[in-house]
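# Structural characterization, general
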Amino acid sequence: MKKKQDNSWSIVIRPKTGWFDIDLKEIWQYKDLIFMFLKRNFNSAYKQTILGPLWFLISPLMSTTMFTLIFGTIANISTDGVPQFLFYMCSNAAWGYFSTCLTSTASTFTGNAHLFGKVYFPRLVSPITSVIYGLLSFLIQMLLLAVSIVIFALRGQAVTPSIHILLVPVMLLQMALLGLGIGIIISSLTTKYRDLSILVGFGMQLWMYATPVVYPVSQVKSFAAGLERLVMLNPVAPIINNFRYAVLGCGSMDYGYWALSWAVTFVFLFFGILIFSRVERTFMDTV
Amino acid sequence: MENNNVIEIDNVKKQYRLGTIGGGTLRGDLQSWWARLRHKEDPNSMVGSRQYAKNEKFMALDGVSFNVKKGETVGLIGGNGAGKSTLLKLLSRVTAPTEGELRIRGRVSSMLEVGTGFHGELTGRENVYLNGAILGMKRKEVDARIEDIIEFSECRQFIDTPVKRYSSGMFVKLAFSVAAHLNSDIMLMDEVLAVGDMAFQKKCIDKMISVARDEGKSIIYVSHNMQTIRQLCDRCIVLRKGKVVFNGDVDRAIDIYLRNDEITSKLFNDFTDCHKFNFLTDKVMMESLEILDKENCRFKDDEKIRFRLRFRCNEDVEKLSFRMMIHNSDQMVMATSACYNFMSCKAGESCERVFEMGVAPLASGVYKVLPVLFEINEIGGVIDADGVYPGLVFEHEKTTQLDWKCNLYGDTVLDDMICIG
């Protein structure tokens, strides 16, 4: 009673799936779910708080002030002639977005085990949700930055964004993809090895200091010539550097390392999806 | 040839590894790997059990095949660990099978747990949308049904309150309502009705029956509650140790599951070595129960059951009483017949008495009896001396004008009413 290939079945569940088994069309069908998850995250984040969504503004303002105090005033690190406050706010927003994408993607499987264990939906929905959710707070910070730029301009400390600001969406996309790629690899491995989830916490902090977030690339150059080349090999470095140039006009645009960084992004994304589609089906048995 | 199966399960196997999976840490796995490389004993395996985790396999499902037709309600029963939930997990795509293939036609909504993905901080209404989306509904579909859902859940008053303030019953009601109103073709239910009050359980079952009959949805229902299985299901599948042992008629399936078919009715029931309950005083001990004047244990209508009970007396008993507690195939007590203070006996005596019991009000069926010897103390308390289950299995045939179905009319047939005016 061998059955011929019957196309009328809507779902056929087989033991092993191909290496590249991500159904993008299916994810699109679940766009309502992505929307609901976003709404859930937003609504539940600041329930029962007095300031509510104002925290979206307060936390970047606080950390920027902190950065300005410590790295700007106390450590006196150069900011390429841009007002320190703007410099740190800009870097912070970009790094924050990347970091959110990575860490929230990294906890996809372990954090949603209760949900994934009970009901099916494309598993990629939840990292995608976190990437979009991260974008929300990024946009708020950008708005804050725009206001700050105006205030500083009124006080005579004008900065001029370059035309490259048009490339910002590309940079955002890259940060999302890179965060997604690395995050997916980590989340797929954390279903078995919980070590990685601990690593992510302080790993991101170390990574931040290895990336020109609180200092400009020129500072590295003046510290030791040639070191900047090493720093720029870090795939996030050219993005942050170029982002700052695009928005604040400080430093310089770099295309060579950026191209390399894109290549690294695709490699991570490729392997990420590869591992993800292996783990996705049966992670419930090992998590 | 029209194929109206909505689910086809084809020789599905699911294997789990016993023991801990890996060391749990990267370091542990590297250690194990390094040890294996040098042909040393794995430092992470259990003491003395060489390569335990590597070779021990457990088949949660071992070659399961069956089909479900459109509009059919199939019950899935079996003891703990029989593989029911694993099967539902495979069908709802939570995990993948090790071997075999499952084919599904249409949309599946699974309720492996009530209120999956409910978020405590969100209001009831927001959770309906969220839950709907998780279960695969479009926003518009929820919009169209939200009124029905709220109405059915009986939570209208609280719908805009965060669900963390809900009582557990309300939580379940709301969650079930969402699932029951899903626009799916196949519903998978895993003992969702175990919670919620009786009235709501009844409402849910009625809803599910109407969903299956009127809307043509198929339901796979897992439960340990035979009552609801009987009410809801057209067909029943019994799983035992990962294999399908029976697939067909509901009553037969339940009998097989409860192993009723393994207990046969005997005229002579010997009690010399059988299971004793530990709350008994053992002042007297039953030895045997024998049906008299009959070739078999089948009794018709008003026929009386006559039997001889033999027992030993271990301590002096002043006033001994005896009762027969009659159980139906679901192991529920249906009726009891008693004989009070029929004798007194001295320690060391062996006694036998013949009793006659009428079972006329019982509907047709197979019954199991728990005979109990007991005393009644000064303040009217019952002290059980000895009991054996099942001490007797008999079949009763009751002729009624109605086509008597126990799940419809109950297990007791009262005397026919008379019209007096």
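In this text, all values refer to a predicted model and were calculated from it rather than measured experimentally.

## Here we look at the domain arrangement of chain B
- The domain architecture assigned to chain B consists of domain 1 (68–257) and domain 2 (268–397).
- Computed from C-alpha coordinates alone, the two centres of domain 1 of chain B and domain 2 of chain B are separated by 42 Å.

## Digging into the pairing of strand β11 (residues 284–291) of chain B
- When strand β10 (residues 268–270) of chain B meets β11 of chain B, the two strands line up antiparallel, connected through three bridges. Directly across from Phe268 of chain B, in β11 of chain B, lies its bridge partner Glu290 of chain B.

## Quick word on the sheet that holds strand β1 (residues 5–17) of chain B
- Reading across the sheet, the four strands line up as β1(A)-β4(B)-β1(B)-β2(B) and stay open at both edges, with antiparallel pairing between neighbours. A single partner strand is all that each edge strand has here, and the edge strands are β1 (11–13) of chain A together with β2 (57–69) of chain B. Averaged over all neighbouring strand pairs, the angle between strand axes comes to 15°, with direction disregarded.
- The pairing of β1 of chain A with strand β4 (residues 99–104) of chain B spans three bridges and is classified as antiparallel. Looking at β4 of chain B, one finds that Val12 of chain A is bridged to Arg103 of chain B.

## Concerning the confidence of the model for chain B
Residue and element names in this part refer to chain B.
- Within chain B, residue pLDDT values average 82, and 88% of them lie at 70 or more.
- Contacts from residues 48–54, a stretch scored under 50 in pLDDT, to residues over four places away or in other chains number eleven contacts.
- Note on the complex model: pTM 0.72, ipTM 0.75.

## A few points about the environment of Val354 of chain B
Residue and element names in this part refer to chain B.
- Inspection of the secondary structure puts Val354 in strand β16 (residues 350–358).
- Looking at Val354, the number of C-beta atoms within 10 Å reads 10, which means it is exposed.
- Between the C-alpha atoms of Val354 and Asn225, which are 129 residues apart in sequence, the distance is 38 Å.
- The residues touching Val354, leaving out its near neighbours within four places in the chain, are Leu292, Arg306 and Arg308.

## Brief notes about helix α5 (residues 139–153) of chain B
All names here are of chain B.
- Within α5, the axis deviates most sharply at Arg145, by approximately 55°.
- Of all the positions in α5, only Val142, Arg145, Ile149, Phe152 and Ser153 are classed as buried.
- Packed against the buried residues of α5 are α4 (124–134) and α6 (168–180).
- Trailing α5 by a residue or two, Glu154 shows a phi angle of about 60°, which is positive.

## Focus: the packing of α4 of chain B against α6 of chain B
All names here are of chain B.
- Close contact between α4 and α6 brings their axes to 10 Å; oriented N to C, the two are set at 40°. Taken together, the axis directions place α4 and α6 in an arrangement best described as oblique. Two packed elements cross with a definite hand, and for α4 against α6 that hand is right-handed. Seen from α4, the contacting residues are Gly124, Val128, Asn131 and Gly132; seen from α6, they are Leu174, Ala175 and Val178.
- Of the residues assigned to the contact of α4 with α6, the class counts are four nonpolar, three polar and no charged.

Analysis parameters
- Residues numbered from 1 in each chain as written.
- Chains lettered and ligands numbered in written order.
- Predicted model: local features only at pLDDT ≥ 70, side-chain atom pairs only at ≥ 80, totals over all residues.
- Domains from an automatic or database assignment.
- Pairing = 2+ DSSP bridges.
- Helix = DSSP H or I, 4+ residues; strand = E, 2+ residues; numbered from the N terminus.
- Axes fitted to C-alpha atoms, helices over the stretch in contact; angles between N-to-C directions.
- pLDDT = per-residue confidence, 0-100.
- Contact = placed C-beta atoms within 7 Å.
- Buried ≥ 20, exposed ≤ 12 C-beta atoms within 10 Å, placed from the backbone.
- Bend = angle between axes of the 7 residues up to and from the residue.
- Parallel < 35°, antiparallel > 145°, perpendicular 65-115°, else oblique.
- Left-handed = near helix turned anticlockwise from the far one by under 90°.
- Nonpolar A, V, L, I, M, F, W, Y, C, P; charged D, E, K, R; others polar.

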